[in-house]
Amino acid sequence: MFNEILLLVGITLMYSTPLVFGALGGVISERSGVVNIGIEGMMTMGAFTGAAVSYFTGSPWLGFFAAGIAGGLIALLHAVASVTFNADQTISGIALNLIGPGFALFFCRLLFKKATMTPPVANLPKIFGENAFAGTPAANLNVDVTVLLGLIATLLIWFFLYKTKWGLRIRSVGEHPAASDTLGINVARTRYACVLASGVLSGFGGASMTLAIISQFNPTAISGQGFIALAAVIFGKWTPYGAYGACLLFGLAQALTVVLGGSNSGLTIPSQILAMLPYILTIAVLILFVGRSVAPKADGLPYEKGQR
Amino acid sequence: MKLTAKILKKPIASTLIAVFFGFIVAAVILLVAGYHPGQAFSALFHGIFARPKYISNVIIKATPIILTGLSVAFAFQTGLFNIGAEGQYIAGAVSAVLVGVKLNLPPLLQIPAVVLAGVLGGTLFGWVVGYLKAKFGIHEVITSIMLNWIGLYLSNFVVASSAYHMPNSTSSYPVNESSFTMLLPNWKTSDAGMAALKQHKWLYDVMLKTDVNFGFLIAVLMAAFIWYLLYRSTKGYELRAVGFNRDAAEFAGINVNRNIVDAMVIAGALSGLAGALAITGTAPHSISTLAAFENNGFNGLSVALIAGSSPVGCIFAGLLFGGLLYGGQSVQQDVGAPTEIINIMIGTIVFFVALTKVIPVLAEKLEKRGAAHVQ
């Protein structure tokens, strides 16, 4: 039993980590007033870049940082459209979801002899080293270093958003850009920074899939995690800790399906029904505990100087 | 100057400019990757227009995404973001299979029964989203995303169930032949039909080598119906009013919650219809185990956006999209460039659709400047 609980915790943390990075990206962008539907596309770019760089350089850390840069670059498109051109942010986000996977698979075919997947790549380390506690139940808790990074990023972003003046500025830009503008805050620059940060974080999220969980890039490496992260942003009411909690809950539900689906659980639920569990559970939690969620007031609205 | 401004103010101008940029960006990427863009595009157009059979396949490929595009566009017009078209499409396909495999009536009764089952499946998914939003204030984006996955696993559950699983395959049994909505399915494969079709080369090509079906016709009719509903009926006025300003609509005595549910029900029904018609109209007339989404619903999002959420525009955007998807296969076969260039191209078009929304505003300025000169 004890072993199973530790296993559950380990798998929960593993599955939730890519979502955590994506959701944090969503939080920071939407808090500045830019809706980010494109997390999925940014994550896919990160997932591919991370795996490819790790493969060619042999350094997973270099891959991880390159993934952040790739995510940031594609986010730049979103920033140009939604901040400079005052374009519809939903449309631009959806465009990223087409462009991101498109680029990732296009370059994958170019670099890896027409294949849509990379060979296995070097992984990021575990937090206690590769074979610590091997054979004991505690080995379940020897999670990937990305799990720790995700937690640190959550704490940092929480501190940044709520305890620093820059965080206050970001939140004010997301609530009332015109008022912030009159106080001398550069709305466009703030939003640019936040959208870029959101791309970097989403890129890390993609890389924590390919550099820690599945050890390669393939077309289904990122399949829907970006959208789940988007849901976690709303679920967590646009706060870093809320989003983190939502991702953990989702990871837990997925871990439950793995543990319950195991042969020695004594349950005979068809695997497809079990696989629905995370999604049904999310809806149930929303109905029972969470209720109405209110977005930052200026979320999704382009800001033009002089408008009221 | 005035004429330029007038042309630029038409939505179609922005869309065409966006499509143009899509081709330019794709050409640059192909060049950088070492392929000849001209060859790639000629392969693309060849793959769309060269044979009657290709054109027919483009229309067949476009049919479901026109309908899911309509579903998304309709929801947009009522202020809702229906990212759940994918799940509603799957629900429609699954329900059509559930009924169509077990029921076997004469076609005149069977077809409506199977299609209606699909519509109901999509409607149910849409209703859940609308109800949860109206009753508990849960954002439609979350429930829709969750239902997409629930739909995917539900479909896999039905495929795997003993009552529907076709032995030694990864799919369900096909629906009974009486549910088929192809054009003259029995006559065209009979001796008399073959003999008659041989007289006309292109008819032969189209009828016997592709699944010509009534789906496209229905999609066009639905586009007209949705246009009428939105812009020429009281209900449509209410739906749009709720989408435009919820509080003002409520103040005017419109039942907001009811209209949210109604809007999602209609959007779900359209996507469900798309799923049902795909089952009745095209081979293999069954559902298969899904490892990932087939994107019929997600592509509907792009269609709706390229169409600027106009119901009639969805027909053309769907055809464009269907053409790129189908013709894109030839790019890889003939030129060797990865087919993903098509996804990049479609993404770029959608991206520029977002950007070119500014063109009418610029045109307005241009027009004003022109007027100042006249005075």
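To keep things clear, this report deals only with the structure shown in the data block. This structure is a prediction, so every number in the text was calculated from the model and none was measured. (Residues numbered from 1 in each chain as written. Chains lettered and ligands numbered in written order. Predicted model: local features only at pLDDT ≥ 70, side-chain atom pairs only at ≥ 80, totals over all residues. Heavy atoms only, no water.)

As a further point, take the packing of helix α2 (residues 39-57) of chain A against helix α4 (residues 89-111) of chain A. Residue and element names in this part refer to chain A. The N-to-C vectors of α2 and α4 enclose an angle of 20°; their axes lie 6 Å apart at closest approach. If you check the angle between α2 and α4, you find them roughly parallel. Every pair of crossing elements has a handedness; the one defined by α2 and α4 is left-handed. For the pair α2 and α4, contact is made by Ile39, Glu40, Gly41, Met42, Thr44, Met45, Phe48 and Phe56 and by Leu96, Asn97, Gly100, Pro101, Phe103, Ala104, Phe107, Cys108 and Leu111, respectively. Classifying every residue of the contact of α2 with α4 gives twelve nonpolar, four polar and one charged. (Axes fitted to C-alpha atoms, helices over the stretch in contact; angles between N-to-C directions. Helix = DSSP H or I, 4+ residues; strand = E, 2+ residues; numbered from the N terminus. Parallel < 35°, antiparallel > 145°, perpendicular 65-115°, else oblique. Left-handed = near helix turned anticlockwise from the far one by under 90°. Contact = heavy atoms within 4.5 Å. Nonpolar A, V, L, I, M, F, W, Y, C, P; charged D, E, K, R; others polar.)

Time to look at the packing of helix α3 (residues 37-49) of chain B against helix α4 (residues 52-77) of chain B. Residues and elements named next belong to chain B. The geometry of α3 relative to α4 is characterised by a closest axis approach of 5 Å and an angle of 85° between their N-to-C directions. On the basis of the axis angle, α3 is roughly perpendicular to α4. Of α4, the residues touching α3 (which contributes His46, Gly47, Ile48 and Phe49) are Tyr54, Ile55 and Val58. When its residues are assigned to classes, the contact of α3 with α4 shows five nonpolar, two polar and no charged.

All right, on to the nonpolar core then. The biggest cluster of nonpolar side chains holds 186 residues, and the ones touching the most others in it are Phe217 of chain A together with Leu44, Phe74 and Ile341 of chain B. For this core, the element with the most residues is helix α14 (residues 256-281) of chain B, which contributes 13 residues. Both domains that meet at this core, namely domain 1 (1-35 + 339-375) and domain 2 (64-303) of chain B, each give it at least three residues. Not counting the four nearest positions on each side in its chain, Leu44 of chain B is found in contact with Phe23, Leu324, Gly327, Gly328, Val331, Ile342 and Met345 of chain B. In this structure, Val173, Ala178, Ile185 and Tyr303 of chain A belong to the second largest nonpolar core, which totals five residues. (Core = buried A, V, L, I, M, F, W, Y, C linked by side-chain atoms within 4.5 Å. Buried < 20%, exposed > 50% of the residue type's maximum accessible area, 1.4 Å probe, protein only. Domains from an automatic or database assignment.)

The subject of this paragraph is the interface of chain A and chain B. With 44 residues of chain A at the contact, the number on the chain B side is 46 residues. Buried area between chain A and chain B, both sides added, is near 4100 Å², and the carbon and sulfur share of it is 82%. Three residues stand out in chain A for area buried against chain B, namely Ile91, Phe106 and Tyr279 of chain A, and they jointly supply 16% of the buried area on that side. Our enumeration of links across chain A and chain B arrives at one salt bridge. Put simply, Arg109 of chain A and Glu340 of chain B hold a salt bridge, and the shortest N to O gap is 2.7 Å. Taken together, chain A and chain B are joined by two residue pairs in polar contact (both at pLDDT 80 or more). Of all the secondary-structure elements, those providing two or more residues to the side of chain A that touches chain B are α3 (60-84), α4, α9 (225-235) and α11 (271-290) of chain A. (Buried area = accessible area lost by both parts, 1.4 Å probe. Salt bridge = Lys/Arg side-chain N within 4 Å of Asp/Glu carboxyl O. Polar contact = N/O pair within 3.5 Å; in protein donor to acceptor, adjacent residues only side chain to side chain.)

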